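Residues per chain are reported as follows:
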Amino acid sequence: MLKTFFSNWKRRIVQFISLGLIGEWSFYGIFRCPFAVPYIGCGNCPVIQCPGRSLWLWSWILIGGSVLVFGRAFCGWICPGGLVSEILSMGSFLKSKLKKRVSAGLAYGKYFVLVLALYFFFLAQNPRWAIPIRTGDFFKSVGLTVEHADPVWIYKILFVLAALGLSLAVPMFWCRFLCPTGGAIEILSRFSLFGFLKNARCSDCDQCRHRCHLETRPSEINCVQCGDCKESCKPNAIEWKSPLAPWRNPDTNFGSGQARSANKPHFL
Ligand code: SF4
Ligand code: SF4
Ligand code: SF4
């Protein structure tokens, strides 16, 4: 299990560095952020200890830029929430048990949560559901915030924690089915310049899906561009290509219907 976890060691190194740089902000966003939608209104946030106050603007600019170049690679390489989900998913007892159709259907849950988040952010003007109690101690302040928060804030936290915890049963439950950030990135990643794609040699054997921690295949919904599956593909059908410029990809055979469907990025 550990060997598999560290097989793509470059990705793990990047993920742990990122955890060190922005992990604290992630935890503040879950446990102390008073807003309905965390991580976005940081410029006006009264929680003065939160590192997001200085990180948020540049982080979102960089995330947006990375999506347009590398698709959902932020999820696979940078996001601390993705790393935590992967660690929790190491022992998922329902691994490979969800049918493809069920999994693909549930993946649309991300867009539903995204619409809810957009509603709260733009139409309800991102209300504060908690009182940002100021104390130097993180855990004490979390306790005080829970004590004084609106019940809806507590339900939100319980919902996120439960969905993260469900990764113990179904791999990457939060990231695959509910994360609104992942949903937004997935929509934008349709316009990305590069990514892992299947080429005409794909025989639909699904070896990549069995290797994938999100139980998907390159260029399909929930692919986070981690590249972990590349070595598992016996026909060598997984390549780093530009979905926007197939004419630049000389190995791609667009002459057959199978090739066309294999190469078409179908994120949604
Ligand atoms: S889906 Fe959400 S939590 Fe998961 S890696 Fe992407 S942004 Fe992070
Ligand atoms: S990409 Fe490779 S491993 Fe995945 S289904 Fe196609 S042939 Fe099989
Ligand atoms: S399909 Fe391959 S590249 Fe995409 S997330 Fe899964 S293992 Fe990573």
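Residues numbered from 1 in each chain as written. Chains lettered and ligands numbered in written order. Predicted model: local features only at pLDDT ≥ 70, side-chain atom pairs only at ≥ 80, totals over all residues. Heavy atoms only, no water.

Novice: Break down the pattern of salt bridges for me, citing the residues and quoting the values.
Specialist: As enumerated under the stated definition, the model contains 13 salt bridges in all. Note that K110 and E186 form a salt bridge whose closest N and O atoms lie 3.3 Å from each other. Taken together, the residues span a long stretch of sequence, with K110 in helix α7 (residues 109–123) and E186 in helix α11 (residues 180–188) at a distance of 76 residues. Accessibility assignment for this pair places K110 and E186 in one class, buried. Residue R209 pairs with D206 through a salt bridge whose shortest N-O separation is 3.3 Å. For the pair R209 and D206, one class covers both residues: buried. Among the charged side chains, a salt-bridge network with shared partners connects K100, K198, D204, D206, R209, R217 and E220. (Salt bridge = Lys/Arg side-chain N within 4 Å of Asp/Glu carboxyl O. Helix = DSSP H or I, 4+ residues; strand = E, 2+ residues; numbered from the N terminus. Buried < 20%, exposed > 50% of the residue type's maximum accessible area, 1.4 Å probe, protein only.)

Novice: So what about the site of ligand 1? Which residues, and what values?
Specialist: Neighbouring residues of ligand 1: R72, C75, C79, G82, W174, C175, C179, T181 and G182. Elements supplying a minimum of two residues to the shell around ligand 1: α10 (173–177) and α11. Looking at the shell around ligand 1 residue by residue, the class counts come to five nonpolar, three polar and one charged. (Near = heavy atom within 4 Å. Nonpolar A, V, L, I, M, F, W, Y, C, P; charged D, E, K, R; others polar.)

Novice: Just give me the short version of the UniProt feature "transmembrane region" (unreviewed entry) in the protein, but keep the residues and values in it.
Specialist: Per the UniProt entry, the sites bearing "transmembrane region" (unreviewed entry) are residues 12–31, 57–84, 105–124 and 153–174 in this numbering. With 100% helix and 0% strand, the stretch residues 12–31 has end C-alpha atoms that lie 25 Å from each other. Secondary structure across residues 153–174 comprises 68% helix and 0% strand; the distance between its end C-alpha atoms is 18 Å. (UniProt positions renumbered as here; feature names shortened; annotations may be inferred.)

Novice: How would you sum up the site of ligand 2? Please name residues and give values.
Specialist: As a structural note, the neighbourhood of ligand 2 is formed by K198, C202, S203, D204, C205, D206, Q207, C208, R217, C233, P235 and I238. Tallied by class, the residues present in the shell around ligand 2 amount to six nonpolar, two polar and four charged.

Novice: Go over a nonpolar patch on the surface with me, naming the residues and quoting the values.
Specialist: On the surface, L2, F6, F16 and I87 cluster together into a nonpolar patch covering about 380 Å² of accessible area. Mapped onto the elements, I87 comes out in helix α5 (residues 80–89). (Patch = residues over 30% accessible without salt bridge, like charges linked within 9 Å, V, L, I, M, F, W, Y side chains within 5 Å. Areas by Shrake-Rupley, 256 points an atom, 1.4 Å probe, with all protein chains shown as cover.)

Novice: Explain unusual backbone geometry residue by residue, including any values.
Specialist: A positive phi angle is found at D206, which is not glycine, with a value near 70°. In this fold, D206 is placed in the loop between β1 (195–198) and α12 (207–211). In this structure D206 comes out as buried when scored by relative accessible area, which is 10%.

Novice: Could you give me a rundown of α7, with the residues and numbers involved?
Specialist: Helix length check: α7, at 15 residues, gives a terminal C-alpha distance of 21 Å against a target of 21 Å (1.5 Å per residue), a fit within 8%. With its phi angle positive at about 55°, Q125 sits one or two positions after the end of α7. (Expected span 1.5 Å × (residues − 1).)

Novice: Account for helix α8 (residues 138–148), with residues named and values stated.
Specialist: Those residues of α8 lying buried are S141, V142 and T145. One side of α8 carries all its buried residues, which in axial view fall inside an arc of 105°. Away from the buried face of α8 by more than 90 degrees, exposed residues F139, K140 and E147 are located. Buried residues along α8 sit against α2 (9–31) and α9 (151–165). Backbone nitrogen of F139 and a side-chain oxygen of the N-cap are separated by 3.2 Å at the start of α8; the cap is D137. (Arc of directions from axis to C-beta. Contact = heavy atoms within 4.5 Å. Polar contact = N/O pair within 3.5 Å; in protein donor to acceptor, adjacent residues only side chain to side chain.)

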